[in-house]
Each structure stands twice: as C-alpha cells, then as structure tokens.
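# Remarks on the overall topology
Here are the chains, one letter per residue:
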Amino acid sequence: MKKYRWLWLAVVMAFVIAACGGGDATTTTAGEGAATTEGGASTTAAEGEATTTAGAPAESTGFEHLDQAMAGEFEGTTVEIVAQWVEGEEENFNAALDPFREATGIDVQYEGLPDYELALQTRVDGNDAPDLAQIAQPGKMASYQADGQLVDISGWFNVDKLREEQVAGFVELTEVDGGVYGVYYKTDVKSIVWYPVAPFEEAGYAIPTTWDEMTALSDQIIADGNGNPWCIGIESEAADGWVATDWLEDIVLRTAGVDFYNQWWKHEVPFNSPEVLAAAEQMSAIWFAPDYVFGGNTAINATNIRDVANPMFDPAGPQCWFQKQASWIPEFWPGNRDVPDREAWANPPGEASSFFYLPGIDPAVGNPVLGAGDMFSMFTDGDRPEVRALLEYLATPQGAQAWIEVGGFISPNTTVPQDWYTTYPNTELVPILNGADAFGFDASDLMPAEVGAGSFWTGMVNWVAANGEGTEEIFQGIEDGWPAS
Amino acid sequence: MPEAVEAKLETNRRPPLSIVRDLTVAVGVIVLIWLGLRVLRSETALDALGPFGGKLVQALIGIVLGVVGIWALFVVANSLVELLPARATTVIRPYVFVGPAVVVLSIFLLAPAVGTIIQSFTEVPEGEGPFYNYVQAFTDPALQIALRNNAIWLILAPAGALLIGLAFAGLVDRVKRESLAKSFIFIPLCISGAGVAVIWRFIYEWRPEGQPQIGILNAIVTSFGGEPVPWLQEIPTNTLALIVAFVWIQTGFAMVILSAAIKGVPVELMEAARIDGAGEFQTFLRIVLPSIRGSVITVFTVTAIAVLKVFDIVYVTTNGNFETDVIANRMFNEMFRFRNFGFATALAVILLVAVIPIMVVNVRNLRRQGIGA
C-alpha cells in the first residue's frame, strides 16, 4: 500500500513538473510571438509604403479600411470567413480572395461548410461564430440580427457607394431598423429555361417568346412523339420543395406584378390571395397536365434537382426538353460533375445546351426577373479593421473578379465591366438582369423561415403528391400557419 | 477483511510530515489543472508551435487533463478525506467519489432538462397563456400526423426488432459458426443512423417506368415485370419502409442480448423438459422464453425509447414529407430551421413525458432481476 502511495506521488509530481515547464514555455513563447508579429507588422508597413511610393500610387477603393489594408497596415492578421461553397465553388471563391490576400498580407482563412445553414447555426449558438459568414436567406439574416449576433456596418461602411453600384433593391434587403447587416456579393437569375440545343434545332423548334408560345411548343413536342416537354424535380435533401416555390413566385411576378409580389412576401396580403391561387392554376397547367412532365408528379417529388436534367441529355435523345432553373444548374448535369477541367464538359452550356428567358405572361406586367443572392454578414465585433477591410473588398468588383472570369458568378454590382463576363451563361444572363422590367427577390427566402423554408416547401410537396388537387386547402394551410409577428 | 479495515484505520493516524506532503500534492494538482485549463482556453498560448503543432499539443494537454487529471483529482480528494478522523472518512468518502458524477449530471443533464421545461411554458407569443405551445402542439394538423406516426413506430418497431432478434438468437444457438452468423446480424448496429438512412434511401430509390431502376427493390420488382413502386412516397407504405430500416439496425442489438440470456438458461432445465417429452419449439416457448423474460423486457423498453427518439432515418429519407413525420424530426425543424424555441421545447417535453412510462417499466424490470436497489 505504502509503495503504491509513493508511486502515485511520483506520477503526480512528474505531472506537476511537466505541466509547470509547459506552462512557462507557452507563456514565454506567446510573448515572443506577439513581439515578432509587432515587429513584422511595422517592417512590412514600411515596406508597403516604400512600394506604393516607388510604384504606381494605390488608387483609392472608396472604402476606408480597404485602403488601409491595401497599404499593408493589417499584414499578419487573420480573418475567418465561411460560406456554403465547397469543391469547385470553393476554388473559385479562394481565387477571388487571393488578390486581397496578396495585396494586404492578411491571412484570410476560408472554410466551405457542408450542410451549411445548420453548421453555421451550430457555430453561432456555440459561441464560435466566424468573422464573416455567407447568408443565403435574408430571413435568416433577420433572425440572426434579432438574436443580436450581427454587427451593424452602417457606421463605417460606405453604404451610399453600395446603394449606387448595386442593382436596385439589394441594399434594402440588408436593412433592419436603419442598420445595415450584410453586403450582397453574388446573385442568381432564376427566370430561365434550359434546353438541349442540337435536338431542339433538329426538330425545328423555335424559342418561345410568350407564355402561350411556350405551352404551344410543349403541346407540339408531345404531338411529335418526342417525349415529355418538361424536366421537373423538387427533391433536395432537407430542402424538398424549393424548386416549386420558385416556379410559383416566377408566375406570381408575371401575373400580379412586382408590387403585389412584394406585398405578398411581406404578408400584407394573405398568402392564399386570389392572385396567388390564379398563379397556382397557371402553374398546374404545366406541372400536372398529362404528359407535360417526365415521369409525372411522382417523378417531380422523387427526382433530386441534380438528376432532373439526366433524361434531357439521354444519349438516345431528349426524353424531356425544358428545365427551369438558375444559371448554376449546368454544374450538376451529368458529365459536368466531378470534372475538374471545365473544358472537358460533356455538354458545355452554350453549345449542347442553352437557355431562354421564361416568357412574360401579362403584357401589362412586362418581363420581370426572379433572382436571389448571397450576402456576407459580420458576426464578430467590427472593431477589427482587417475584417472590415475584407467585407469592403467583397463589395468591390475586384472582390469577385476571379470568380466572374471563371464563370458561374454574377455580381449584383453594376460597375463590374461587362467584358469580365466571358463565359457563356453570364454573357447572356447579365443583359437579362439589367434589362428586366422589375427584379423580384426570391420570396421564399424573404418569408419567415416557418413559411419560406417550412410550410411553403412542404405545402408544394403535398400539392405535387396530390397531383395538383386540393390547391385551396393547401394554400389555406400555409396561410393559417403564418407565424404571428 | 476486518484486518484490512483495521490497517486502514491505522493509516489515519499518520505523522504530520505525511499530512504536509498530502496537502502539498493536493494544492499542486489543483494548480496544475487550473494552469492546463488556462492554456486550453487561451487562443494564443500555443500559437508559437504553429497551427499543427499547436493543435497537437492542445489535444495532448486535453487528453492528459481528462485522463490523468481526473484520476489525480480523485486520488487527491481521497488522500484529503483520509486526513480526517476515521469515522468521518468512512462517511464522507462515498460522496467524494459519487459527488463529481452527480455534479456533472446536474449541470449537463438536469439543468438543461429543467430549462427546457421552463422554456416550453415561457417562450410564448405576447398575450398568450403558458400552455400556448402545448395547445399548438396538439392542434397542429401536421403534428397530429407525427404523433400518429410515433404511435405506429412504437407498436411495430420494437415488436419487429424483438421478434426477429429472438428468432435469430434461438436459431443461431445451433449454428456451427455462431459468432460469424451473429456478426452479420450485428453489423448494422455499428453503422450510424444517418448512414443506414442513406443505404435504405438507395434501396427504396424510384425512377420513372422505363428508366433503369438503381434502387435494388424496384430493380427486383421491375425484373418480375412489375411497375416501380415509389416506396417513400406512398402512404402508408413509406412509414413501414422506414420502420423496416430501423428494425434492420435494432435486430442485432436484440439478438446479442437475447442470445446471451438464452445461454444462461440452465441446461438441466432444458434436459428435464426434453425428457418429459417436450419438442424443440415447446421447450423454447415454455422453458427458454419464461427464463429470459427480464432480457426480453429490457430489449423491448430500450428499443421503444430509441423509437421515440427516432430522427435520422426520417430526416435523411423523406424529411417528414408524405406523412412520414415524427416528433423528433419536427422538433429539429422547429428548433434549428424555424428557431421556434417555445414550440421545439414543448415537443421535447412531450417526448420526455412519453419516455417516462417506458423508463418505469425498465427500472422495475431491473429491480426484479436484482440489479439496482
């Protein structure tokens, strides 16, 4: 017994000594580290000045902290930024960040999180929020803001410049009670319909310019025995149904106009207003019409958005012809996935496939565009100038240049030179965006999460499961479940 | 034994030097642990070691603190208690050893549970009574479907796992390569719930007629000339399909417990039954089954609790669409997607209340077996 006691003591003492030594070592090295970074910062700042005076004087970016960062004042600091972009998109985003990293010496650590919304929420709840985080849904931004998690940037960010440069409506979406809680970085145009070019031309079909032409063409495809006109699928892991909400929104925009549309998502009019039910009617004329959709309503609910276009590119010829989806969808088409070399795409957009603008319906409403976007919001205290500088950089055209030039990216910033858009979809999309009669932001992103990411999604899934029957009850159910504000 | 106790009592009358030594060690250990925690909490202390080295040292400190530190704390606490008079030592020592576990459970289990219950009554819209969330929960049409589904799960899943597990346990007893056969049944239990859900999602995959069926079930159906069945969309086939996936996991658990219990049935008893002319089936029904009654109840209650908590299978396969929702999935959605803390906590409390009767049965069963006080 006694022997063991001494053994314990020996172990404990060893532990004491080891840990004491460790503690000392870490405290001293930490001190040294701080000293060297200070020294490093001062020398590089001097170097930075030297280079600016020697070379061309750095042009002001119009943003205070970004100018300072470009002068090398924050070299050696670290900024953590997270977004949902992984794999190819992660590479592109990193490429867009690289000029900032090189010019400022700030270590921008980007992390692309899978299952993004939940991952971000978990980190924020766990007091481990990143400095900057991408948010896709303004409703999500509002709830983070209500929780007091977001930094109001209006005090130091040149919001007027932002308002001037971005497509009208974006800054307004980041405003809450006079504060500004995000900067829009990326946008998508959703009102487009993809089709396979070669078979389409072989069959002698023409691009429809009105809604009626589009339905007439659909009928003709069926009559010609060329399969089903539409490829539709709304299965999307935990977000089933959002594709259907986009469709309905696009039709509401085209039939009831953008003013009604904005009232609708603000819930100033009931969710199941007659205008919306009429739009649903218009939608079921395509979705639930016999032979219009490949595989019928069961396939709509069963097909993952990544697989929707597979029959369109069937080697034996298209089994369905149209997919209404945003400009990023080609990345998910067969032959395009997991191919690092974009040149090797089996069905390069613009050659094998192309798109047309989803036609307007009511001439009085004109040709509106439905879109969405990603903003960056600041989660940590805004007193760190390097974080502010990065947020400012992301608002400049240069902040996205590398990604724009690769493709798959549209900036909400109108000062982006048109010739940066060199890849096919965007060369066509940017004119659509700029020439639209109105821009409607994806309503389900703006509605409260209970609706926009909940009952609206599940309601559409149920509607499809019922093959378009019981429209009134389903829409009434969504209206009834609207949370009391 | 008495000798050992006496020897123990002897040690309590110790020279002052050893008291000083024990106290020094105690203070040293506490200071050390405090220092270690400071290093772990600091964001910069280990930066000098580089991103990888820092993480590595941090992990090492964590492991050392967690394993050696806790052990050292117990040793120190024990030695301090031994400094007290002999009678006090015997009275206090059990609390010293049980105390930390009680404290940890209180902080990480009891406190959140109480907080959840309170929140479910207080997180209500302005002007609404404390039962608002519960009224909502029981009147929401979608939630009624979830409650109904939980009931279906509760009836079918434990019964399925139990019956199949029992059949395997009884049969596998006679197999030559018993452990190999058992391993196959047991493997699904080692796969995470989400992984199982992904596997079964592929099994149930549906493609429009005429397309190649990549789901094995529909591939079989169509190879016999049938029409592909959308297993996960058809009501109520879809809920049953999800229950099958769950039973697939739990059968291994049931089999292992029941197989061990069957081996514990006295051979004499079985032989006596056989001599009296009982057949194999009758022996199993009349002798084995009553003998392993306790284990059967354990398997049933543990599976029932797992069923009430079921989430991953539903979330991954259908996300609660097509009337397959269950309470836990709805709770997850309310909590993490809609940020409705009041509603989500009310659902958590409903689940908690639903589990209590099953726990009572389980504890009584354990007591009957002589396990636990």
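### Brief notes about the overall build of chain A
Within chain A one finds 18 helices and 12 strands. Counting across all 485 residues of chain A, residues that qualify as buried make up 52%. A separation of at least 24 residues holds for 76% of the contacts in chain A among residues at least 6 apart in sequence. Per element, the accessible surface of chain A, about 19700 Å² overall, is 52% carbon and sulfur.

### Looking at the interface of chain B and chain A
Interfaces are often sized by the accessible area lost when the parts come together. Each partner contributes residues to the interface: chain B has 37 residues there, and chain A has 43 residues. For the pair chain B and chain A, the number of links is 4 salt bridges. With a closest N to O distance of 4.0 Å, R339(B) and D147(A) form a salt bridge. Counting the contacts that link chain B with chain A gives 7 residue pairs in polar contact (both at pLDDT 80 or more). Secondary-structure elements contributing two or more residues to the side of chain B that touches chain A are α2 (16–41), α3 (50–82) and α15 (327–337) of chain B. Here the side of chain B that touches chain A takes 7 residues from α2(B), the largest share from any one element. Taken together, the residues of the side of chain B that touches chain A break down into 20 nonpolar, 8 polar and 9 charged.

### Regarding the pattern of salt bridges
Counted under the stated rule, the structure contains 28 salt bridges over all chains. Between K190(A) and D442(A) there is a salt bridge, and its shortest N-O distance comes to 2.8 Å. Placement of K190(A) in the loop between β6 (183–189) and β7 (192–196) and of D442(A) in the loop between β12 (439–441) and α16 (443–446) is noted, with a sequence separation of 252 residues between them. Note that R201(B) is salt-bridged to E235(A), the shortest N-O span being 3.2 Å.

### Thoughts on the packing of helix α17 (residues 449–465) of chain A against helix α18 (residues 471–480) of chain A
Residue and element names in this part refer to chain A. At their nearest, the axes of α17 and α18 sit 10 Å apart, and the two run at 165° to each other. It follows from the interaxial angle that α17 and α18 lie roughly antiparallel. For the pair α17 and α18, the crossing hand works out as right-handed. Counting all contacts with α17, which are made through V451, S455, F456, G459, M460, N462 and W463, the residues of α18 involved are T471, I474, F475 and I478.

### Describing the confidence of the model for chain A
When the pLDDT values of chain A are averaged, the result is 83; 84% of them are 70 or greater. In this model, residues 15–57 of chain A is a region of pLDDT below 50 whose contacts with residues beyond four sequence positions or in other chains number 22 contacts.

### Description of the environment of Y393(A)
Residues and elements named next belong to chain A. In this structure, Y393 sits in helix α13 (residues 385–395). With a relative accessible area of 2%, Y393 lands in the buried category. Note: C-alpha distance between Y393 and S191 (202 residues apart in sequence) is 29 Å. At 3.3 Å, the side chain of Y393 forms a polar contact with the backbone oxygen of Q398.

### Topic: a positive patch on the surface
All names here are of chain B. A contiguous patch of positive charge on the surface is contributed by R293, R364, R367 and R368. No other element matches helix α16 (residues 341–368), which puts 3 residues into the positive patch. Accessibility expressed as a relative area gives 53% for R367, which makes it exposed.

### Focus on the domain arrangement of chain B
Residues and elements named next belong to chain B. The domains assigned to chain B are domain 1 (3–122) and domain 2 (136–368). Measuring from the centre of the C-alpha atoms in domain 1 to the corresponding centre in domain 2 gives 40 Å. Taken residue by residue, the interface counts 4 residues in domain 1 and 7 residues in domain 2. The largest contributions to the domain 1 side of the interface with domain 2 come from T116, Q119 and S120, which together make up 77% of the buried area. For the interface between domain 1 and domain 2, the tally reads 0 salt bridges. Across the domain 1-domain 2 interface, the total number found is 1 residue pair in polar contact (both at pLDDT 80 or more).

### Considerations on the confidence of the model for chain B
Residue and element names in this part refer to chain B. Per-residue confidence for chain B averages 89 on the pLDDT scale, and 95% of its residues sit at or above 70. For chain B, the element scoring lowest by mean pLDDT is helix α1 (residues 2–12), at 53; helix α9 (residues 216–223) scores highest, at 95. Prediction confidence for the complex, expressed as pTM and ipTM, is 0.74 and 0.77 respectively.

What counts, and where the lines are drawn
- Residues numbered from 1 in each chain as written.
- Chains lettered and ligands numbered in written order.
- Predicted model: local features only at pLDDT ≥ 70, side-chain atom pairs only at ≥ 80, totals over all residues.
- Heavy atoms only, no water.
- Helix = DSSP H or I, 4+ residues; strand = E, 2+ residues; numbered from the N terminus.
- Buried < 20%, exposed > 50% of the residue type's maximum accessible area, 1.4 Å probe, protein only.
- Contact = heavy atoms within 4.5 Å.
- Areas by Shrake-Rupley, 256 points an atom, 1.4 Å probe, with all protein chains shown as cover.
- Salt bridge = Lys/Arg side-chain N within 4 Å of Asp/Glu carboxyl O.
- Polar contact = N/O pair within 3.5 Å; in protein donor to acceptor, adjacent residues only side chain to side chain.
- Nonpolar A, V, L, I, M, F, W, Y, C, P; charged D, E, K, R; others polar.
- Axes fitted to C-alpha atoms, helices over the stretch in contact; angles between N-to-C directions.
- Parallel < 35°, antiparallel > 145°, perpendicular 65-115°, else oblique.
- Left-handed = near helix turned anticlockwise from the far one by under 90°.
- pLDDT = per-residue confidence, 0-100.
- Patch = residues over 30% accessible without salt bridge, like charges linked within 9 Å, V, L, I, M, F, W, Y side chains within 5 Å.
- Lys, Arg positive; Asp, Glu negative; His and termini not counted.
- Charge placed at Lys NZ, Arg CZ, Asp CG, Glu CD.
- Domains from an automatic or database assignment.
- Buried area = accessible area lost by both parts, 1.4 Å probe.

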